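Topology and contacts: notes
The chain contents come next:
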There are 2 protein chains.
Amino acid sequence: MSASDGNGESWAAMATAGLSRAGYRHGGARAAVIGLLDAQSCTMTAYEIEAALRDSGRSVGRASVYRILDELEEVGVVTKVELGRGQAGYEPARPEHHHHHIVCESCGRVQPFDDAGLEEAIGRVSADGGFEITGHEVILRGRCRDCR
Amino acid sequence: MSASDGNGESWAAMATAGLSRAGYRHGGARAAVIGLLDAQSCTMTAYEIEAALRDSGRSVGRASVYRILDELEEVGVVTKVELGRGQAGYEPARPEHHHHHIVCESCGRVQPFDDAGLEEAIGRVSADGGFEITGHEVILRGRCRDCR
DNA sequence: TTTTCTGCAAACTGTTTGCAAAGGC
DNA sequence: GCCTTTGCAAACAGTTTGCAGAAAA
């Protein structure tokens, strides 16, 4: 019955609860990042997050953005996605909306997708090897409609 | 019946042929990188490649390593894998040994795996969206036997 | 009041680029 | 000999770290 069960609560509330449970305080920069992410359904890069916060009038230092995203990921409420080209995307982890990403190689646009058969296959593979699997990532690369 | 059909030829021969077909010349650094990759069955990072070549007595400048890997990828004989943490791995593309990777989050070790059901699911998804899919990547993350 | 958080600027890491010298054809 | 390739060093982009001041508890 912990708050992380996510029974009806907003993601933001879950994230905040997760942080305090892990011993973090509740600062303004953290609240701003959480508030922004709560409104997203797919990934944002650290740079996009920084810019969006600045535009909204509550700017947060670059270093803080990265630190906060790290903490959120560590606590398990944010998923980090390697988008390629050395960039990472971050999105709120909503297990009920688990999905993967298609990345456009020319414009960088990211589109989510999900597939039950794919998840099933991944689950099967994860159980096999000598590894203890903690996460997985599927990235499809190609060109979006606009770029071809 | 082009050389890229790979009917019996070594990967190195295919890679070399691919480069000349694309109009590249046959320099010493390229031969060294191709020779090294030919002996690999899974990914190496650019840094590992640079170090291995230096240790073997035929060192190749860092910039050349990257340039050559780019060309090989462009020509389609090398696959680039985003390993996370901003690092990329490179491996010879051998369609008959298509596989994906499990990365240990603590020591960085990479282990290959493959699964027909997984490929099938990916093929199905790729056909769906508005994207023209040119490649895909599946990465499982966890801890290897030694690191747990 | 004590401890953590935050922002800034500087450092770092992997990768890319500019340019002159070396090497293929 | 002409043009490509190569190596070096410097530039770059995204990310991380050190530190002093601001803010939470």
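Because the structure is predicted, anything quoted here is derived from the model rather than measured.

**Side note on the relation of the copies chain A and chain B**
Overlaying chain A on chain B yields an RMSD of 0.1 Å, the required transformation being a rotation through 179° with an accompanying axial translation of 0.0 Å. The operation mapping one copy onto its partner corresponds to a two-fold rotation axis. Mapped onto chain B, 100% of the interface residues of chain A are again interface residues, and the two copies thus contact each other with one and the same surface.

**Regarding the protein's contact with DNA strand D**
As a matter of local geometry, DNA strand D sits amid 24 residues, with R25(A), Y66(A), R25(B), R30(B) and R67(B) nearest to it. Within 4 Å of the protein, the contacting atoms of DNA strand D are 67% sugar and phosphate, with bases supplying the remainder. Taking Y66(A), its side chain carries an N or O atom lying 2.3 Å from a phosphate oxygen of DNA strand D. Take R25(B): an N or O atom from its main chain is 2.7 Å from a phosphate oxygen of DNA strand D. Going through the elements one at a time, α4 (62-75) and β3 (87-92) of chain A together with α2 (28-38) and α4 (62-75) of chain B are the ones with two or more residues in the surface near DNA strand D. In terms of residue class, the surface near DNA strand D is built from 9 nonpolar, 8 polar and 7 charged.

**A closer look at the interface of chain A and chain B**
Each side of the interface is counted separately: chain A has 35 residues, and chain B has 35 residues. Of the roughly 3,000 Å² buried where chain A meets chain B, counting both sides, 59% is carbon and sulfur surface. Three residues, V125(A), F131(A) and R141(A), lead the burial of chain A against chain B; their summed loss comes to 22% of the area buried on that side. Summed over the shared surface of chain A and chain B, the result is 4 salt bridges. Linking chain A to chain B there are 16 residue pairs in polar contact (both at pLDDT 80 or more).

**Comments concerning the pattern of salt bridges**
Per the stated rule, a full pass over the model turns up 14 salt bridges over all chains. Measuring nitrogen to oxygen at the nearest pair gives 3.1 Å for the salt bridge that ties D115(A) to R124(B). Of the two residues, D115(A) sits in the loop between β5 (110-113) and α5 (116-128) while R124(B) sits in helix α5 (residues 116-128), which places them in two different chains. What makes D115(A) buried here is its relative accessible area of 14%. A salt bridge links D146(B) to R109(B); the shortest N-O distance between them is 3.9 Å. With a gap of 37 residues between them, D146(B) in the segment after β6 (132-143) and R109(B) in the loop between β4 (100-104) and β5 (110-113) connect regions that are remote in the sequence. Sharing partners across several salt bridges, the network here consists of E50(A), R54(A) and R62(A).

**Structural notes on the domain arrangement of chain A**
All names here are of chain A. Under the domain assignment, chain A is made up of domain 1 (1-93) and domain 2 (98-148). Taking only C-alpha atoms into account, the centre of domain 1 sits 21 Å from that of domain 2. Domain 1 puts 9 residues into the contact, and the matching count from domain 2 is 8 residues. Both sides of the domain 1 and domain 2 interface together cover about 620 Å² of buried area, and 61% of this is carbon and sulfur. Linking domain 1 to domain 2 there are 0 salt bridges. Summed over the shared surface of domain 1 and domain 2, the number is 4 residue pairs in polar contact (both at pLDDT 80 or more). For the side of domain 1 that touches domain 2, the element with the highest residue contribution is strand β2 (residues 78-84), accounting for 5 residues.

**Describing the packing of helix α1 (residues 11-21) of chain A against α4(A)**
All names here are of chain A. The N-to-C vectors of α1 and α4 enclose an angle of 90°; their axes lie 10 Å apart at closest approach. With respect to each other, α1 and α4 are oriented roughly perpendicular. Residue-level inspection shows A15, G18 and L19 of α1 in contact with α4, the latter providing E71, L72 and V75. Looking at the contact of α1 with α4 residue by residue, the class counts come to 4 nonpolar, 1 polar and 1 charged.

**Some details on the confidence of the model for chain A**
When pLDDT is averaged across chain A, the result is 92; 95% of the residues are at 70 or more. For the stretch residues 1-6 of chain A, pLDDT sits under 50, and the model shows 7 contacts to residues farther than four places along the chain or on other chains.

**Describing the protein's contact with DNA strand C**
In the vicinity of DNA strand C lie 23 residues, with R25(A), A29(A), R30(A), R67(A) and Y66(B) positioned nearest. Each atom of DNA strand C within 4 Å of the protein was classed as base or backbone; sugar and phosphate made up 67%. Within the backbone of R25(A), one N or O atom sits 2.8 Å away from a phosphate oxygen of DNA strand C. H26(B) places a polar main-chain atom, nitrogen or oxygen, 3.4 Å from a phosphate oxygen of DNA strand C. It is α4(B) that contributes the most residues to the surface near DNA strand C, 4 residues altogether. Among the residues making up the surface near DNA strand C, the classes are represented as 8 nonpolar, 8 polar and 7 charged.

Criteria and thresholds
- Residues numbered from 1 in each chain as written.
- Chains lettered and ligands numbered in written order.
- Predicted model: local features only at pLDDT ≥ 70, side-chain atom pairs only at ≥ 80, totals over all residues.
- Heavy atoms only, no water.
- Least-squares fit on C-alpha atoms with pLDDT ≥ 70 in both.
- Contact = heavy atoms within 4.5 Å.
- Near = heavy atom within 4 Å.
- Polar contact = N/O pair within 3.5 Å; in protein donor to acceptor, adjacent residues only side chain to side chain.
- Helix = DSSP H or I, 4+ residues; strand = E, 2+ residues; numbered from the N terminus.
- Nonpolar A, V, L, I, M, F, W, Y, C, P; charged D, E, K, R; others polar.
- Buried area = accessible area lost by both parts, 1.4 Å probe.
- Salt bridge = Lys/Arg side-chain N within 4 Å of Asp/Glu carboxyl O.
- Buried < 20%, exposed > 50% of the residue type's maximum accessible area, 1.4 Å probe, protein only.
- Domains from an automatic or database assignment.
- Axes fitted to C-alpha atoms, helices over the stretch in contact; angles between N-to-C directions.
- Parallel < 35°, antiparallel > 145°, perpendicular 65-115°, else oblique.
- pLDDT = per-residue confidence, 0-100.

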